Amino acid sequence: RHIIQMAMPRSYSIQQMPRPNNPAVRLRLIPARTVAALHFSWWASPARIDEQKRELVEILKLEGIEVVGTPQVAFYDESMTVPYEIIVPIRVVRQ
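How each quantity is defined
- Residues numbered from 1 in each chain as written.
- Predicted model: local features only at pLDDT ≥ 70, side-chain atom pairs only at ≥ 80, totals over all residues.
- Heavy atoms only, no water.
- Helix = DSSP H or I, 4+ residues; strand = E, 2+ residues; numbered from the N terminus.
- Rg over C-alpha atoms; globule rule 2.2 N^0.38 Å.
- Buried < 20%, exposed > 50% of the residue type's maximum accessible area, 1.4 Å probe, protein only.
- Contact = heavy atoms within 4.5 Å.
- Lys, Arg positive; Asp, Glu negative; His and termini not counted.
- Charge placed at Lys NZ, Arg CZ, Asp CG, Glu CD.
- Salt bridge = Lys/Arg side-chain N within 4 Å of Asp/Glu carboxyl O.
- Expected span 1.5 Å × (residues − 1).
- Arc of directions from axis to C-beta.
- Core = buried A, V, L, I, M, F, W, Y, C linked by side-chain atoms within 4.5 Å.
- 1 Å grid on protein atoms, 1.4 Å probe; cavity = no way out; pocket = protein on both sides within 12 Å on 5 of 7 lines; lining within 4 Å.
- Points joined across faces, edges and corners; volume = space filled by probe spheres on them.
- Nonpolar A, V, L, I, M, F, W, Y, C, P; charged D, E, K, R; others polar.

## Some remarks on the overall build of the protein chain
Helix and strand counts for the protein chain stand at one helix and three strands. From first element to last, N terminus to C terminus, the protein chain shows the α and β order β-α-β-β. Relative to the 2.2 N^0.38 estimate, which gives 12 Å for 95 residues, the radius of gyration of the protein chain is 16 Å and therefore markedly larger than a compact globule would have. For the protein chain, the spread of C-alpha atoms along the three principal axes comes to 45 × 40 × 25 Å. When each of the 95 residues of the protein chain is scored for burial, the buried share is 22%. Of the contacts formed within the protein chain by residues at least 6 apart in sequence, a portion of 51% connects residues at least 24 apart. Positive and negative side-chain charges in the protein chain, numbering 12 and 9 respectively, have mean positions lying 13 Å apart.

## Looking at the pattern of salt bridges
Within this structure, the stated rule accounts for one salt bridge. Between arginine 91 and glutamate 66 there is a salt bridge, and its shortest N-O distance comes to 2.8 Å. Residue arginine 91 is located in the segment after β3 (84–89), and its partner glutamate 66 is located in the loop between α1 (46–62) and β2 (72–75); the two are separated by 25 residues in the primary sequence. Taking relative accessible area as the criterion, glutamate 66 reaches 40% and is therefore assigned partly exposed.

## Re α1
In a regular helix each residue adds 1.5 Å, so 17 residues correspond to 24 Å; α1 covers 24 Å between its end C-alpha atoms and thus fits that length. Taken together, the buried positions of α1 are Arg48, Ile49, Gln52, Leu56 and Leu60. Seen along its axis, α1 keeps its buried residues to an arc of 110 degrees; they face one direction. Opposite the buried face of α1, by more than 90 degrees, sit the exposed residues Pro46, Ala47, Arg54, Lys61 and Leu62. On its buried side, α1 packs onto β1 (35–40), β2 and β3. Count one or two residues on from α1 and you reach glycine 64, which has phi positive near 75 degrees.

## Topic: the nonpolar core
In this structure, Ala36, Leu38, Phe40, Ala44, Ile49, Leu56, Leu60, Tyr84, Ile86, Val88 and Ile90 together form the largest nonpolar core, which totals eleven residues. Listing elements by their share of this core, those giving two or more residues are β1, α1 and β3. Excluding its chain neighbours within four sequence positions, the residues that come into contact with leucine 38 are Gln52, Glu55, Leu56, Tyr84, Glu85 and Ile86.

## Observations regarding the layout of surface pockets
One number sums up the size of the largest pocket: a volume of about 1,700 Å³. Secondary structure elements with two or more residues in the lining of the largest pocket: β2 and β3. With four residues, β2 is the largest single contributor of residues to the lining of the largest pocket. When its residues are assigned to classes, the lining of the largest pocket shows 23 nonpolar, four polar and six charged.

Printed below as a string of structure tokens:
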């Protein structure tokens, strides 16, 4: 089983999204959130992904930024952008 997330422009509602052809595929709205991201390229082995997750969490800890979720790896079309990034939800403190 795989979970795939896509970001769509705010101008679209979930009702406007194309319906999946496969009945096992479900669309679900995920509330907006703020995340920190660490971009990386080259090789995305499981060990390297874990290393990058630890690095991002450590950077945030050193900066005093509260992590409020589990780090995830994001894979992108390499021709369009940085091929990989680690993202983790953070708490934003408004001043």
